[in-house]
Amino acid sequence: MDHLQTRQRWMSVLAHSRPDELIAHWQPLNLSPQFERIRAAETGLTQLQGRMGGTGKRFVMGDMTVTRAVIQLDGGVYGYSYVSGRNKAHAELCAVIDALLQMQGMDELLHKRVIAPLAALQQERRQQRAREVASSRVDFFTLVRGE
């Protein structure tokens, strides 16, 4: 996996993380990186688009609240985040972790102690949801009348 795909993966894990779970994995590391807020966490709306059947014409499904943040570590590395909802502290922490993951020496620790456990929790939730959906599945069939 190249660097771009690796970064996309960790940014996805951070963006989909629950704030309490992220903090639970972050706090034991006792890291207090110095950073500057380039774009303080701010909340706004984004339009969600869909396609009929996944391939049809695009349509606007509605709006979603997102919070974004941009920080710069003292070493000059930038961190970015977009998270759903209005939690500014969550967005800022995701941006800090994004920047730290780009630094040599910090990336392995953060992958092992933050990203991998969060990814496992998210995968477990997806599997649980899939089991719940499968248990309520109804198979429809058509009987052909013989006349």
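Predicted, not measured: the structure shown is a model, and the values here were computed from it.

What counts, and where the lines are drawn
- Residues numbered from 1 in each chain as written.
- Predicted model: local features only at pLDDT ≥ 70, side-chain atom pairs only at ≥ 80, totals over all residues.
- Heavy atoms only, no water.
- Helix = DSSP H or I, 4+ residues; strand = E, 2+ residues; numbered from the N terminus.
- Buried < 20%, exposed > 50% of the residue type's maximum accessible area, 1.4 Å probe, protein only.
- Contact = heavy atoms within 4.5 Å.
- Core = buried A, V, L, I, M, F, W, Y, C linked by side-chain atoms within 4.5 Å.
- Pairing = 2+ DSSP bridges.
- Arc of directions from axis to C-beta.
- Axes fitted to C-alpha atoms, helices over the stretch in contact; angles between N-to-C directions.
- Parallel < 35°, antiparallel > 145°, perpendicular 65-115°, else oblique.
- Left-handed = near helix turned anticlockwise from the far one by under 90°.
- Nonpolar A, V, L, I, M, F, W, Y, C, P; charged D, E, K, R; others polar.

Student: Residues and numbers for the environment of His-111, please.
Tutor: Relative to the helices and strands, His-111 is located in helix H4 (residues 107-135). A relative accessible area of 24% means that His-111 is categorised as partly exposed. Taking the C-alpha atoms as reference points, His-111 and Lys-57, separated by 54 residues in sequence, lie 39 Å from one another. Apart from residues lying up to four places away in sequence, His-111 is in contact with Thr-6, Trp-10, Leu-101, Ala-116 and Pro-117.

Student: So what's going on with the nonpolar core? Residues and values would help.
Tutor: By size, the foremost hydrophobic cluster in this structure holds 26 residues, and its most contacted members are Leu-14, Leu-22, Trp-26, Ile-97, Leu-110 and Val-114. By residue number, the principal contributor to this core is helix H3 (residues 88-101), which donates nine residues. If sequence neighbours within four positions are ignored, Leu-110 has contacts with Trp-26, Leu-29, Leu-31, Ile-97, Leu-100, Leu-101 and Ile-115.

Student: So, the pairing of strand E1 (residues 35-51): which residues are in play, and what are the values?
Tutor: Consecutive side chains along a regular strand alternate between the two faces of the sheet. Pairing between E1 and strand E2 (residues 58-73): 14 bridges, direction antiparallel. In the sheet register, Leu-45 faces E2, and the bridge partner there is Thr-65. Turn length for the E1-E2 hairpin, with the two strands adjacent in sequence and antiparallel, is six residues, and the turn residue Gly-53 shows positive phi of about 70°.

Student: Could you give an account of helix H2 (residues 19-26), naming the residues involved and the relevant values?
Tutor: Three- or four-residue spacings in an α-helix give side chains the same orientation, since the helix completes a turn every 3.6 residues. Every buried residue of H2 is accounted for by Glu-21, Leu-22 and Trp-26. Looking down the long axis of H2, one finds its buried residues gathered within 130° of arc, a one-sided arrangement. In this structure, the buried side of H2 is in contact with helix H1 (3-15), H3 and H4.

Student: Got a sec to walk through the sheet that holds strand E3 (residues 78-84)? Specific residues and values, please.
Tutor: Across the sheet, which stays open at both edges, the three strands sit in the order E1-E2-E3 with antiparallel pairing between neighbours. The sheet is open, and its two edges are formed by E1 and E3, each paired on a single side. For this sheet, the mean inter-axis angle between neighbouring strands, taken without regard to orientation, is 25°. By the bridge criterion, seven bridges tie E2 to E3 in an arrangement that is antiparallel. Across the sheet, the residue bridging to Gln-72 is Tyr-78, located in E3.

Student: Give me the lowdown on the packing of H2 against H3, citing residues and values where you can.
Tutor: Where H2 meets H3, the closest approach of the two axes is 11 Å, and the angle between their N-to-C directions is 45°. As judged from the angle between their axes, H2 and H3 are oblique. When you trace H2 past H3, the crossing you get is left-handed. Taken together, the residues of H3 that come into contact with H2 (itself represented by Pro-19, Leu-22, Ile-23 and Trp-26) are His-90, Leu-93, Cys-94, Val-96, Ile-97 and Leu-100. Of the residues contributing to the contact of H2 with H3, the split by class is nine nonpolar, one polar and no charged.

Read these as geometric descriptors, not functional statements.
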